[in-house]
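# Summary of structural features
Residues per chain, in single letters:
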Amino acid sequence: MALEMTWKGVFPAVTTQFNEDLSVDLKGTQKVIDALINDGVHGLVMMGTCGENNSLEPEEKVQILEAAREVAGTRAPLFVGVSEMTTPRAVAFAKQAAKSGADALMVLPAMVYVPKPHELVAHFREISKATDLPIIIYNNPTSYRVNVELDVLAELEDCKTIVGLKESSSDTRRYTDVPNRFGDRFLMMAGLDDVAFEGLTLGAKGWISGLTSAFPQESVALVESLQRGDIETALRIYRWFMPLLHLDAAHDLVQSIKLAEQVMGRGSERVRSPRLPLEGERRKQVISMVEAAAASRPKLG
């Protein structure tokens, strides 16, 4: 039975862990999940961008989701990324995800092809029919080359399972434009780390975060400070965090976040091709940033 989604809080975009031969490390992934839950996160996003969804085989996705459900139990709800090449494949995986323990779906546009608005509507609509699970649409125009415009959302208003939007554009005006047009029809989740504070203060219900994987306690403290109206504490944490949060907006965000996890003793930097681990000056830069953040961690509580 799916857990009830509260939508509030911090939902790390969990990394998929790999063995040395780049096979999926299910035990390692479960270890990452367990540590995040123990550090207080409010839910988990499996197989999103940071989970390297499109580098996984269909059977691996099912194994990862079932392993995540096993370790999370009833302690935390699970979002699952639906990121496929075609609409039929996305529909099939959405159905499988529901059977394998997902509590909600985070649906991306079909990969490779850049759809026109009516094609984007058709894609999301077909997936919304596949299960009764709540769906948030993942809007990331920088990475996925299409923006989910307000007119697209208007065409999806009648899809009851589509409940919201993960907003990963840097356009913070959308946190106002969406509710101005649709009221409370579509909830919004902050999805780009280096404008998370802005999104949360403008009405986002929660934060789907990349760098939380390396610094979960600080991420939770930031959001909980905002929830209780302690802007000063939240801003202090956010300003400390910002150099690392900028990594979430870079094209090598997956490698950077997994390297940050490794530096913090929380996971491995191994990634699957076409990604390769960071090298040279970029690797040194990210390590230096993480070590500097670790040495200056704000006092919490």
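Remember, it's a predicted structure, so these values are computed and weren't measured experimentally.

What counts and what doesn't
- Residues numbered from 1 in each chain as written.
- Predicted model: local features only at pLDDT ≥ 70, side-chain atom pairs only at ≥ 80, totals over all residues.
- Heavy atoms only, no water.
- Helix = DSSP H or I, 4+ residues; strand = E, 2+ residues; numbered from the N terminus.
- Expected span 1.5 Å × (residues − 1).
- Buried < 20%, exposed > 50% of the residue type's maximum accessible area, 1.4 Å probe, protein only.
- Axes fitted to C-alpha atoms, helices over the stretch in contact; angles between N-to-C directions.
- Parallel < 35°, antiparallel > 145°, perpendicular 65-115°, else oblique.
- Left-handed = near helix turned anticlockwise from the far one by under 90°.
- Contact = heavy atoms within 4.5 Å.
- Nonpolar A, V, L, I, M, F, W, Y, C, P; charged D, E, K, R; others polar.
- Core = buried A, V, L, I, M, F, W, Y, C linked by side-chain atoms within 4.5 Å.

### Thoughts on helix 9 (residues 216–227)
An α-helical segment advances 3.6 residues per turn. Residues three or four places apart therefore align on the same side. Spanning 12 residues, helix 9 covers 17 Å between terminal C-alpha atoms, matching the ideal 16 Å at 1.5 Å per step. Judged by how many residues are buried, helix 9 sits mostly within the fold: 9 of 12 residues are covered. Within helix 9, burial applies to Pro216, Glu218, Ser219, Val220, Ala221, Leu222, Val223, Ser225 and Leu226. At the C-terminal side of helix 9, Gly229 shows a positive phi close to 85°.

### Concerning the packing of helix 3 (residues 87–99) against helix 4 (residues 117–128)
Running from N to C, helix 3 and helix 4 cross one another at 25°; their axes reach a closest spacing of 9 Å. When the axis of helix 3 is compared with that of helix 4, the two are roughly parallel. In this structure, helix 3 crosses over helix 4, and the sense of that crossing is right-handed. Two secondary-structure elements touch here, helix 3 through Thr87, Ala90, Val91 and Ala94 and helix 4 through His123, Glu126 and Ile127. When grouped by side-chain class, the residues that make up the contact of helix 3 with helix 4 number 4 nonpolar, 2 polar and 1 charged.

### Notes on the nonpolar core
One finds Leu44, Met46, Leu105, Leu153 and Trp207 to be the most contacted residues of the largest nonpolar core, which totals 87 residues. Per element, the largest residue contribution to this core is 8 residues, and it comes from helix 10 (residues 231–245). Core analysis: the next-biggest nonpolar cluster, separate from the first, contains 16 residues, Phe79, Met106, Leu108 and Ile208 among them.

Spatial relationships are all this shows, so hold off on functional conclusions.
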